[in-house]
Amino acid sequence: MAQPPVLIRQDEVEGLLHYKDLIPRLEVALGKFSKLDSAEVIQPVRTTVPLQKYNGFLGLMPAYLVHEDILCTKLVCFYKRESGSTLPSTQATVLLFDPEYGNVKAVMDGEVITAKRTAAVSAISAKLLMPAKSEVLTILGAGHQALSHYNVFTETFSFKEVRVWSRRKETAERFAQSTQGHVTVWESVEEAVNGADVIVTVTGASEPVLFGQWVKPGAHVAAVGACRPDWRELDDVLMRQAEVYVDSREGAVAESGDIILSGAKVFAELGEVLNGTRPALREKTTVFKSLGMGIQDAVSAKLVFEQWKNKH
Ligand SMILES: NC(=O)C1=CN([C@@H]2O[C@H](COP(=O)(O)OP(=O)(O)OC[C@H]3O[C@@H](n4cnc5c(N)ncnc54)[C@H](O)[C@@H]3O)[C@@H](O)[C@H]2O)C=CC1
Ligand SMILES: O=C([O-])C1=[NH+]CCC1
């Protein structure tokens, strides 16, 4: 008989999941995904159930990595929150299965996994696409993803200056006080992104907050919010002037308002760049449109479970 699942709490996941282990595994998984070989990676586009009454969605994100034998699904609720709301905008649980027997081996917190794997994938995009000499990082938004992005970007790269903007100045100030290193707070997006080499958009916006006319030519933008077909973070000018990279083409044309509504063409998946089948156009203005994928949760969950077993 199968053992009952172990429960891995948020504080445990926090202590077990490290970027230095996660990033190489995500790179391998992204590369395999982009080979479009269903004998290797099976990941349907996220199914979403609207929660109209609460302005949110339940997303179901199953994935099976055949060679590594990782079967996993994340269940994630995400919401559009009003300014000043104290309710969380993302809540997630990850289930890791025994693919042969069919039982759930582990139920784990999905919020830390979501925050860290999303930021790690953005860091991979920046490693591939940001200007060779990148000195200024701007983060738009000051929530959970802003902090995980700050952590991995400052751990992985050496920026001379890190800036933050949020729609409420006090939130940005609180964010700047919570970070390890110095972060400057800006009152307007236009000023915050002026001259920035790398811009991370991690807002709950459904209308554009970042406009192409403000973005330095050659800059790299990691666009993480706006994960619905009618939500935007970036304007048409930026989407059309940039080379657009995505995690999944299939996901992007189904879910990204920035891509669908601007009519921008997808140039490549990050996995194609990692595989060497599409180029990294570092000298051009680039946008990485992130939507999040089940395989990213699956490799994270496997890593957490391995580390957890080492300790028990
Ligand atoms: N691409 C991916 O894989 C993932 C994307 N997300 C998305 O990333 C975004 C940020 O997520 P979290 O940091 O967890 O949320 P959060 O609620 O912790 O932070 C959101 C930030 O955006 C700001 N914001 C909210 N509405 C805004 C608006 N209309 N205009 C400007 N700023 C606004 C808030 O003030 C806050 O600073 C969300 O859109 C979420 O759905 C979340 C998880 C994974
Ligand atoms: O990949 C993910 O977990 C999510 N993408 C958008 C909201 C949650």
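Here the structure is a predicted model, which means the values were calculated and not measured. Each residue is numbered by its place in its chain's sequence as written, counting from 1. A letter from A marks each chain and a number from 1 marks each ligand, given out in the order of writing. Residue-level local features of this predicted model are given only where pLDDT is at least 70; pairs of side-chain atoms are given and counted only at 80 or more, and the full residue set underlies all totals for whole chains, interfaces and linings. In computing side-chain properties, one takes all heavy atoms of the structure into account and sets aside hydrogens as well as water.

### What to know about the pattern of salt bridges
Side chains that carry opposite charge are capable of pairing whenever their charged atoms lie near each other. Convention followed: Counted as salt bridges are all cases of a side-chain nitrogen of Lys or Arg within 4 Å of a carboxyl oxygen of Asp or Glu. Each helix corresponds to a stretch of at least 4 residues labelled H or I by DSSP, and each strand to a stretch of at least 2 residues labelled E; elements are numbered beginning at the N terminus. Buried residues are those whose accessible area, probed at 1.4 Å on protein chains only, stays under 20% of the maximum for their type, while exposed residues exceed 50% and partly exposed ones sit between those limits.
As enumerated under the stated definition, the model contains 24 salt bridges in all. Two residues, R117 and D297, come together in a salt bridge whose shortest N-O distance is 2.9 Å. Of the two residues, R117 is situated in helix 3 (residues 111-129) and D297 in helix 11 (residues 294-311); the sequence distance between them amounts to 180 residues. Of the two residues, R117 and D297, neither departs from the other in class, the shared state being buried. Of the charged contacts, one joins E272 and R249 as a salt bridge, the two residues approaching to 2.9 Å between their closest N and O atoms. Note that E272 is positioned in helix 10 (residues 270-275) and R249 in helix 8 (residues 249-255), a separation of 23 residues in sequence. Through salt bridges that share partners, R232, D236, R240 and D258 make up one connected network.

### Remarks on helix 11
As a reminder, the rule being used: One fewer than the residue count of a helix, multiplied by 1.5 Å, yields its expected span.
An ideal rise of 1.5 Å per residue puts 26 Å on 18 residues; helix 11 measures up with 26 Å between its terminal C-alpha atoms. Looking at helix 11, one finds that the buried residues are G294, I295, Q296, D297, A298, V299, S300, A301, L303, V304, F305 and W308.

### Brief notes about the site of ligand 1
Where we set the bar: Proximity criterion: a residue is near a molecule or strand once any of its heavy atoms comes within 4 Å of it. Pairs of N or O atoms are called polar contacts if they sit within 3.5 Å, as long as, within protein, a hydrogen donor faces a hydrogen acceptor (for residues adjacent in sequence, only side-chain-to-side-chain pairs).
Around ligand 1, the surrounding shell holds 25 residues, and the nearest of these are S89, A142, H144, Q145 and T203. Between ligand 1 and S166 there is a distance of 3.3 Å, counted from an oxygen atom to a side-chain nitrogen or oxygen. In the environment of ligand 1, a nitrogen atom lies 3.2 Å from a nitrogen or oxygen atom belonging to the side chain of R167. Elements with a contribution of two residues or more to the shell around ligand 1: helix 3 and helix 4 (144-156).

### A word on the sheet that holds strand 13 (residues 243-246)
What holds strands together in a sheet is hydrogen bonding between their backbones, with the strands either parallel or antiparallel. The line we're drawing: At least two DSSP bridges between two strands are needed for those strands to be called paired.
Read across the sheet, eight strands follow the order 10-9-8-11-12-15-13-14 without closing on themselves; strand pairing throughout is parallel. Two strands close off the open sheet at either side, each with one partner strand: strand 10 (184-185) and strand 14 (266-269). In terms of strand pairing, strand 8 (residues 136-140) meets strand 11 (residues 198-201) through four bridges, oriented parallel. Bridging across to strand 11, L140 finds its partner in T201.

### Some thoughts on the pairing of strand 8
Note the following rule: Call a crossover right-handed when, viewed with both strands pointing away from you, the route from the first strand across the helix to the second goes clockwise.
Along strand 8, five of the five residues are buried, which leaves the element largely enclosed by surrounding structure. Residues of strand 8 alternate between two faces, with V136, T138 and L140 on one and L137 and I139 on the opposite face, all of them buried. A crossover connection joins strand 8 to the parallel strand 9 (residues 161-165) through helix 4; in handedness this β-α-β unit is right-handed.

### As for the state of the cysteines
Stated formally: A pair of sulfur atoms, both from cysteines and within 2.5 Å, is called a disulfide here.
This model, assessed by the stated rule, comprises zero disulfides. Left unpaired, C77 is separated from the closest cysteine sulfur, that of C227, by 14 Å.

### Overview of the packing of aromatic side chains
This is how it is decided: Pairing of aromatic side chains requires ring centres within 6.5 Å, counting the rings of Phe and Tyr and the six-membered ring of Trp. Pairs whose planes differ by under 30 degrees are stacked, by over 60 edge-to-face, and all others tilted. Think of it as a cone above the ring: NZ of Lys or CZ of Arg counts as a charge over the ring if it is within 6 Å of the ring centre and within 35 degrees of the ring normal.
Summed over the entire model, instances satisfying the criterion amount to nine aromatic pairs. Ring centres 6.0 Å apart and planes at 70° place the aromatic pair F57 and W231 in the edge-to-face group. Taken together, the residues F57 in strand 4 (residues 56-65) and W231 in the loop between strand 12 (220-223) and helix 7 (236-241) connect sequence positions 174 residues apart. Lying across the ring of F57, R228 places its NZ or CZ 3.9 Å from the centre. In this structure, R278 is placed above the aromatic ring of F267, and the distance from its NZ or CZ to the ring centre is 4.3 Å.

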